[in-house]
Number of protein chains: 8
Amino acid sequence: MSKPYIRLDKNDAAVLLVDHQTGLLSLVRDIDPDKFKNNVLALADCAKYFELPTILTTSFEQGPNGPLVPELKEMFPDSPYIARPGQINAWDNEEFVQAIKATGKKQLIVAGVVTEVCVAFPVLSALAEGFDVFVVTDASGTFNAMTRDAAWDRMSAAGAQLMTWFGLACELHRDWRNDVEGLGNLFSNHIPDYRNLINSYMTFQPEK
Amino acid sequence: MSKPYIRLDKNDAAVLLVDHQTGLLSLVRDIDPDKFKNNVLALADCAKYFELPTILTTSFEQGPNGPLVPELKEMFPDSPYIARPGQINAWDNEEFVQAIKATGKKQLIVAGVVTEVCVAFPVLSALAEGFDVFVVTDASGTFNAMTRDAAWDRMSAAGAQLMTWFGLACELHRDWRNDVEGLGNLFSNHIPDYRNLINSYMTFQPEK
Amino acid sequence: MSKPYIRLDKNDAAVLLVDHQTGLLSLVRDIDPDKFKNNVLALADCAKYFELPTILTTSFEQGPNGPLVPELKEMFPDSPYIARPGQINAWDNEEFVQAIKATGKKQLIVAGVVTEVCVAFPVLSALAEGFDVFVVTDASGTFNAMTRDAAWDRMSAAGAQLMTWFGLACELHRDWRNDVEGLGNLFSNHIPDYRNLINSYMTFQPEK
Amino acid sequence: MSKPYIRLDKNDAAVLLVDHQTGLLSLVRDIDPDKFKNNVLALADCAKYFELPTILTTSFEQGPNGPLVPELKEMFPDSPYIARPGQINAWDNEEFVQAIKATGKKQLIVAGVVTEVCVAFPVLSALAEGFDVFVVTDASGTFNAMTRDAAWDRMSAAGAQLMTWFGLACELHRDWRNDVEGLGNLFSNHIPDYRNLINSYMTFQPEK
Amino acid sequence: MSKPYIRLDKNDAAVLLVDHQTGLLSLVRDIDPDKFKNNVLALADCAKYFELPTILTTSFEQGPNGPLVPELKEMFPDSPYIARPGQINAWDNEEFVQAIKATGKKQLIVAGVVTEVCVAFPVLSALAEGFDVFVVTDASGTFNAMTRDAAWDRMSAAGAQLMTWFGLACELHRDWRNDVEGLGNLFSNHIPDYRNLINSYMTFQPEK
Amino acid sequence: MSKPYIRLDKNDAAVLLVDHQTGLLSLVRDIDPDKFKNNVLALADCAKYFELPTILTTSFEQGPNGPLVPELKEMFPDSPYIARPGQINAWDNEEFVQAIKATGKKQLIVAGVVTEVCVAFPVLSALAEGFDVFVVTDASGTFNAMTRDAAWDRMSAAGAQLMTWFGLACELHRDWRNDVEGLGNLFSNHIPDYRNLINSYMTFQPEK
Amino acid sequence: MSKPYIRLDKNDAAVLLVDHQTGLLSLVRDIDPDKFKNNVLALADCAKYFELPTILTTSFEQGPNGPLVPELKEMFPDSPYIARPGQINAWDNEEFVQAIKATGKKQLIVAGVVTEVCVAFPVLSALAEGFDVFVVTDASGTFNAMTRDAAWDRMSAAGAQLMTWFGLACELHRDWRNDVEGLGNLFSNHIPDYRNLINSYMTFQPEK
Amino acid sequence: MSKPYIRLDKNDAAVLLVDHQTGLLSLVRDIDPDKFKNNVLALADCAKYFELPTILTTSFEQGPNGPLVPELKEMFPDSPYIARPGQINAWDNEEFVQAIKATGKKQLIVAGVVTEVCVAFPVLSALAEGFDVFVVTDASGTFNAMTRDAAWDRMSAAGAQLMTWFGLACELHRDWRNDVEGLGNLFSNHIPDYRNLINSYMTFQPEK
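What you see is a predicted model; the values in this text were computed from it and never measured.

Conventions used here
- Residues numbered from 1 in each chain as written.
- Chains lettered and ligands numbered in written order.
- Predicted model: local features only at pLDDT ≥ 70, side-chain atom pairs only at ≥ 80, totals over all residues.
- Heavy atoms only, no water.
- Helix = DSSP H or I, 4+ residues; strand = E, 2+ residues; numbered from the N terminus.
- Rg over C-alpha atoms; globule rule 2.2 N^0.38 Å.
- Buried < 20%, exposed > 50% of the residue type's maximum accessible area, 1.4 Å probe, protein only.
- Contact = heavy atoms within 4.5 Å.
- Areas by Shrake-Rupley, 256 points an atom, 1.4 Å probe, with all protein chains shown as cover.
- Lys, Arg positive; Asp, Glu negative; His and termini not counted.
- Charge placed at Lys NZ, Arg CZ, Asp CG, Glu CD.
- Least-squares fit on C-alpha atoms with pLDDT ≥ 70 in both.
- pLDDT = per-residue confidence, 0-100.
- Arc of directions from axis to C-beta.
- Polar contact = N/O pair within 3.5 Å; in protein donor to acceptor, adjacent residues only side chain to side chain.
- Core = buried A, V, L, I, M, F, W, Y, C linked by side-chain atoms within 4.5 Å.
- Buried area = accessible area lost by both parts, 1.4 Å probe.
- Salt bridge = Lys/Arg side-chain N within 4 Å of Asp/Glu carboxyl O.
- Nonpolar A, V, L, I, M, F, W, Y, C, P; charged D, E, K, R; others polar.
- Pairing = 2+ DSSP bridges.
- Axes fitted to C-alpha atoms, helices over the stretch in contact; angles between N-to-C directions.
- Expected span 1.5 Å × (residues − 1).
- Phe/Tyr/Trp six-rings, centres within 6.5 Å; stacked < 30°, edge-to-face > 60°.
- Lys NZ or Arg CZ within 6 Å of the ring centre and 35° of its normal.

## Quick look at the overall build of chain A
Line of reasoning, step 1. Assigned secondary structure in chain A consists of eight helices and six strands.
Line of reasoning, step 2. In chain A, the order of α-helices and β-strands from amino to carboxyl end is β-α-β-α-β-α-β-α-β-α-β-α-α-α.
Line of reasoning, step 3. Relative to a compact globule of 208 residues, whose C-alpha radius of gyration would be 17 Å, chain A shows 17 Å and is just as compact.
Line of reasoning, step 4. When the backbone C-alpha atoms are referred to their principal axes, chain A occupies close to 60 × 40 × 35 Å.
Line of reasoning, step 5. For chain A, the residues scored as buried account for 73% of the 208 residues in total.
Line of reasoning, step 6. The long-range share in chain A, meaning contacts at least 24 apart out of those at least 6 apart in sequence, stands at 79%.
Line of reasoning, step 7. About 6,400 Å² of surface is accessible on chain A, with carbon and sulfur atoms providing 50% of the total.
Line of reasoning, step 8. The averaged location of the 27 negative side-chain charges in chain A is 3 Å from the averaged location of its 18 positive side-chain charges.

## Section: the relation of the copies chain A and chain F
Line of reasoning, step 1. Of the transformation placing chain A onto chain F, the axial shift is 0.0 Å and the rotation is 90°, giving an RMSD of 0.0 Å. Taken together, the turn and the small shift mark the pair as related by a four-fold rotation axis.
Line of reasoning, step 2. Mapped onto chain F, only 8% of the interface residues of chain A again fall at the interface, so the copies present different surfaces.

## Quick notes on the confidence of the model for chain A
Line of reasoning, step 1. Mean pLDDT for chain A: 96, with 98% of residues reaching 70 or above.
Line of reasoning, step 2. The ipTM assigned to the predicted complex is 0.96, against a pTM of 0.97.

## Considerations on helix α3 (residues 94–103) of chain C
Residues and elements named next belong to chain C.
Line of reasoning, step 1. Among all positions in α3, only Phe-96, Val-97, Ala-99, Ile-100 and Thr-103 are buried. Looking down the long axis of α3, one finds its buried residues gathered within 155° of arc, a one-sided arrangement. Residues of α3 that are exposed and point over 90 degrees away from its buried face: Glu-94, Gln-98 and Ala-102.
Line of reasoning, step 2. Where α3 is buried, its residues touch β1 (13–18), β2 (54–59), β3 (81–84) and β4 (107–112).
Line of reasoning, step 3. Capping of α3 at its N-terminal end is provided by Asn-93; its side-chain oxygen lies 3.0 Å from the backbone amide nitrogen of Glu-95.
Line of reasoning, step 4. One or two residues past the end of α3 sits Gly-104, with phi positive at roughly 70°.

## So, the environment of Glu-94 of chain F
Line of reasoning, step 1. Structurally, Glu-94 of chain F can be placed in helix α3 (residues 94–103).
Line of reasoning, step 2. Note: C-alpha distance between Glu-94 of chain F and Phe-143 of chain F (49 residues apart in sequence) is 28 Å.

## Regarding the relation of the copies chain A and chain B
Line of reasoning, step 1. With an RMSD of 0.0 Å, the fit of chain A onto chain B corresponds to turning through 90° and sliding 0.0 Å along the axis.
Line of reasoning, step 2. Different-surface contact between copies: only 8% of interface residues of chain A are shared with the interface of chain B.

## Notes on the nonpolar core
Line of reasoning, step 1. Residues Phe-187 of chain D, Phe-187 of chain E, Ile-109 and Phe-187 of chain G together with Ile-109 and Phe-187 of chain H are the most contacted members of the largest nonpolar core, which totals 332 residues.
Line of reasoning, step 2. Setting aside its immediate chain neighbours within four residues, Ile-109 of chain G contacts Leu-8, Ala-13, Ala-14, Val-15, Leu-16, Leu-43, Leu-52, Phe-134, Val-136, Leu-168 and Leu-172 of chain G.
Line of reasoning, step 3. Listed in part, the 330 residues of the second largest apolar core include Ala-90 and Val-110 of chain C together with Leu-16 and Met-146 of chain F.

## Re the arrangement of the chains
Line of reasoning, step 1. The two partners chain A and chain C share no contact, and the minimum distance between any of their C-alpha atoms is 9 Å.
Line of reasoning, step 2. Structurally, chain B and chain F remain out of contact, their C-alpha atoms never closer than 9 Å.

## Re the interface of chain A and chain B
Line of reasoning, step 1. Taken together, the contacts link 39 residues of chain A with 36 residues of chain B.
Line of reasoning, step 2. When the two sides are added together, the surface that chain A and chain B hide from each other amounts to roughly 2,900 Å², 63% of it contributed by carbon and sulfur.
Line of reasoning, step 3. It is Ile-88, Met-146 and Arg-154 of chain A that lose the most area in chain A upon contact with chain B, and together they represent 23% of the buried surface on that side.
Line of reasoning, step 4. The interface formed by chain A and chain B includes three salt bridges.
Line of reasoning, step 5. A salt bridge links Arg-29 of chain A to Asp-193 of chain B, with the shortest nitrogen-to-oxygen separation between them at 2.7 Å.
Line of reasoning, step 6. One can count eleven residue pairs in polar contact (both at pLDDT 80 or more) joining chain A with chain B.
Line of reasoning, step 7. Here the residues of the side of chain A that touches chain B sort into 18 nonpolar, 14 polar and seven charged.

## A word on the sheet that holds strand β6 (residues 161–163) of chain A
Residues and elements named next belong to chain A.
Line of reasoning, step 1. Read across the sheet, six strands follow the order β3-β2-β1-β4-β5-β6 without closing on themselves; strand pairing throughout is parallel. On the outer flanks of this sheet lie β3 (81–84) and β6, each paired with one strand and no other. With strand direction ignored, the average angle separating the axes of adjacent strands in the sheet is 25°.
Line of reasoning, step 2. Sheet strands touched by helix α6 (residues 165–173): β4 (107–112), β5 (132–136) and β6. Its angle to β6, the strand with the most contacts, is close to 105°.

## Considering the side chain of Ser-79 of chain A
Line of reasoning, step 1. By secondary structure assignment, the location of Ser-79 of chain A is in the loop between α2 (70–75) and β3.
Line of reasoning, step 2. By relative accessible area, which is 19% here, Ser-79 of chain A ends up buried.

## Considerations on helix α1 (residues 33–49) of chain B
Residue and element names in this part refer to chain B.
Line of reasoning, step 1. Between its terminal C-alpha atoms α1 stretches 24 Å, which fits the 24 Å expected from 17 residues at 1.5 Å a residue.
Line of reasoning, step 2. Within α1, 13 of the 17 residues are buried, which leaves it mostly tucked inside the rest of the structure.
Line of reasoning, step 3. One side-chain oxygen of the residue at the start of α1 lies 3.0 Å from the amide nitrogen of Asp-34, identifying that residue as Asp-32.
Line of reasoning, step 4. Positive backbone phi, approximately 55°, marks Glu-51, located one or two places after α1.

## Overview of the packing of aromatic side chains
Line of reasoning, step 1. Applying the stated criterion across every chain yields a total of 73 aromatic pairs over all chains.
Line of reasoning, step 2. Measuring from ring centre to ring centre gives 4.8 Å for Tyr-49 of chain H and Phe-50 of chain H, while their planes differ by 80°; the resulting arrangement is edge-to-face.
Line of reasoning, step 3. Above the ring of Trp-152 of chain F, the side-chain terminus of Arg-148 of chain F is found at 5.7 Å from the ring centroid.

## Some points on the environment of Leu-72 of chain H
All names here are of chain H.
Line of reasoning, step 1. Tracing the sequence through the fold places Leu-72 in helix α2 (residues 70–75).
Line of reasoning, step 2. Note on Leu-72: relative accessible area 0%, which makes it buried.
Line of reasoning, step 3. A C-alpha to C-alpha distance of 27 Å links Leu-72 and Ile-198, two positions 126 residues apart in sequence.
Line of reasoning, step 4. With near-sequence residues (within four places) excluded, Leu-72 lies in contact with Leu-17, His-20, Val-40, Leu-41, Ala-44 and Leu-56.

Here is the structure:
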């Protein structure tokens, strides 16, 4: 009767970044822009760090929606990049779905702008096809909290796991002993409070 | 165990606008009035744009509840318009249910005032009769956030899909190529941030 | 897979008011006191208006919890009134459960202070025994919003319907034609915005 | 020791609209975009209605700041329109100050984007030159509430009067008898709650 | 350099209630309606209790603004009641100012709807004529918090004292020994937390 | 279809306190620090009072995460204390799971920092192994409300019961007659409003 | 034209604690009770630590207002303790003013419940008599934020310095070298974040 | 009677950064950490960009307060850096004041942690000595909004100008023509919305 615990596995997960475009970002008002920018880049850093296959897609970059955020373009130069000719639900684009299926992964990590459309539509479609879907809620943004709450309800009721980038990183990493420094750096770069802890700690270590 | 993905289909959907009356609107305090007015008119524009059969109903227009918002009356001059003689749940009114069934549509898009009564009651009744029901949460309003949250929980647990007008429009449209200008206008008229994007874009285009 | 629509029926419903005591009320901080007082009295007025069997219970009135709110005591002079000798979950008190069963009603409407204990415990127990349970969320109060949210989640997941007093009144009444004046008075007494609508309306009627 | 009551006088007031440009508007996050758009247009309607000399100015319209909001451009085709070549404080632009002085008005009504720069700088400069300055706070926007609060404090301490568009309209109009219908229309177009009152009222008038 | 302490004196104070009309009340959204209704009636009870001369005024009661709240009309049957023919600033109405001056009081206690107009304008005018003015902020309401904050700043900078009804009552009463029961009743009727304290206290008194 | 009512039983419950470390606490921003400190100590007091087996675990105490909060260390000198060498999900640490299984309890009460990782991961693992799991939401903290809401949704959907420390204490105690003074002291130490009620009550008792 | 910088001097300051009574505390809703209790005790600890003469006063302890918070009574066994027979403004009580004047201090540090009455009235009276007055805003509480904001405005405009307990302690201490351990303990006992810093620091010191 | 307009002049301004230390930053809870980190670095970038003399000071870096944020240390390798031996008010440290006076600047721009102490104390002292003081409110942080509001009131009443880093940059720059690219880069690096505007703009330029 309850959802089973589907645990993220770095060997079985792919990341979908949907429509993080410079124009569309001006629509995002349920998260502060400083925090949102940080969350999106943190998710991208997770994808790089765990070497997860990552798929980028955009909608009408030449129009008012604007281009993909340049930082993302630079971080994933070799990733599939699907500029959709018009499909609003990225899952309606065959090339996008084929790129996903080509990864051979069963766990899909999804973030995008705006939450109730660019995220929710492919999430619902992927669930309907039997994928395990993890929504990175804090790297997804939309018009306001009411819209977000409705979108979360729809996705969760359909079987998606609601997560945030930090939980995602921890569940993928499993054990600090796999790499203390690498994960520590990732956190230090994206969590000011954590960076402060580390900087205080370093000062207190006489030998370091 | 999860809700299946019921996807809105413009060929199988009807819109129910319940009790958007000038007096009742003064009760709505979970959304700012400027935004709420915009959301209701945006939903109405969606109904027109996608040519969805639309059914209007009101309760006691001659009394303190006040008349239907004039803009809605003007936009749907030929739609069924059921002035209920007393039934609080519009679904208890046979004429209303017959009008719905006469559309032959299986997907019902519902909005109204107030959320936990005028929306929730017919939503729950329609679900019980096997319709697929989509609540337009941001074109529905009520006394406060606590009331809204309880109403959302009741409707979602009964199987309703919680949406907002923008997600609804996108799911109905499916593909921008069906009509870029029409949908763009609809968004420009109801999303100031989107209008700004378009206006900036137009300026930057030398030839346009 | 979804909760079925259990519709309140005034012939099959009883009201349980749990621990609305003057001391415990000072613990309630998730609703403003002016509004909370109004909501509790509005629920009590509903119980009277629809002639629903009502059962009162309290915990340690002689101690710091303080006496039952006097207004409630006065409104229900003939109702069962169970001063529990120590049970925290009122459902653990046999007299209380017998009083409920003596009403012969299957639908239980519950409100109290504090939400996650005095309301949630008997709600969960009643659900476990097969009753249909309706929580009047806005006539129930607790320490803060976090506590309330957790309590709502627990009760809803167990099958309770989350409502507010206004939705409850409307679902019980079904049709304004049953009594326009009575329900109108009830609303006018507890919804300032509605009272204003009525007062404006009366002024505008030349003959009245 | 207190500020004297400087009362707005429609015969002695001019309106300055500073940098309401489509790009800059995406920076405004201390007011919801639906409401902000409405407030700016309401202020513009006031300027038209009271026939106040109005001066428009912008900064780098061809760049990312974007063009002046088209609605404003259309409403004031004959007003002075100063595209500043680089001055951030519009008061540093001689043409702008000359346009103001050419009106012969002593009361300046100022709104713009963003509050702490495009509004505050000319406000402080105008006060320093002895003008009476009225800030239309709700037709001015900026990054967040903290920034706004600091800007309000700076302007108020320097002698500016903090107002909103509705108060401005009322103080300019003085007496409803000057024109009931005109002011009523202005309010109806920009205050949904007021429009509802009027629509209810019209319905209740049998002869009208 | 600081404002001197002007202390309310029940022998030198009059109350002005401006435009608490049933239609205009629907515009008030900076205070919850339950609380606002309570505050206005609490202020009226203070005026009665301290036998302060009270002056009522309204604007266009026959139109959409609606009639004076009936409770106020009933409480002050013999008070001056000025239905203004059109002046927005009540101080522009000679009859209103004469009624004030006829009281011979120098301290004016003002509340009304909406704050930045119906309150602020006569407050500023009265200050300009040398009255000591006390604004009852919580018995005055307006569209939103931003509007209120701007109005408070304007009134305070001009020399008004910002108060709330409870502080007003306490400053007028000076000493509980003047009448414990009367003031206690007033508080009990309008402060639920205080009522609870009294009810608990009464229970704990064996002899009472 | 609904979650059954699993009722906490003090004879079948164990408490897991996960990573309440001085460094990690600086990351907690969804609860005010004064309140959070109080909640964690209240939960610890409950564990002591009901003599529940309690298991402590930490992650990298010698590094920036900092040591276990000293108060907890002092309160549970004889409890299993597992300093994990690197596992992020405490359930991946065999020693931790063995300590839990050694208690022979089926009900697990879990709190920790941060909610979506240190709490959610072992909660999901324990549910997957058939334990009944109760999350003490207000003794668990994380970066912000958005993260918390997503974590609650994930845990609740997987079958966890969301509680707070006060509800937990009440459900474990069952009946005040088991020990009025002990539970009263626990509440008085951690709920200022309750302490005030008791202190007022004591004053009003002539003989006490 | 600006307020001069009056700097707190531990040799010239006295503390007035007004009406921190167990009943009245239930009225305080502008600060969370956990935080408010901590702030009041932190202020009391400051008074003890800096050996400032401290004066306690209460109103009707035998009635519903309840007794002085017991912790305060215990901390200041030898301080003047004035149970006022009825004066609402403590400054109207001669014994209270004499106790203040007997200290020979010119700087008065004031906190109490409720802010706009028990704090504001003596603050305004003391300012009128030429004292320098420092309001400890976070050890003073009242019904809601609106009331607090109005009270702050009134006190600040009259010349009071608005402070919080932490700033007060720092301004009185002047230099950490006067006593590192003592002030550190005071902060550690009342600021959980600071306590965590110290506990982390202690762990990192190899020799300690 | 009003504060005159003191306009920031890059040739007459110095920047004071007070106690931005890694431990103290964990106390800051009135601004989100992502935003606060950005604001502090933006202010530092302004100081560099406008080549303003900048003075750093810290308190007890070897203890729990932690070291200066490393980024600041790296950005200002040649700036005066005063590690205060114990003075809480940096102005009590002669070396600090001498460093300020050595700059020969009359306008002081101040930011630090925490606002009501490390910022407010030197601000008040500097004002008392006749400096013009500009507080960068959003690069200063403290425990909560109540504390911040009290600190702002104290500083503003004493004559300080409340600003934020963006307004500061604009007032120092005066005219975009002084350097479009440099200021644009500074804004692009610290205002995500502005960066998005620029990135969209660049895409729309065919030749670029």
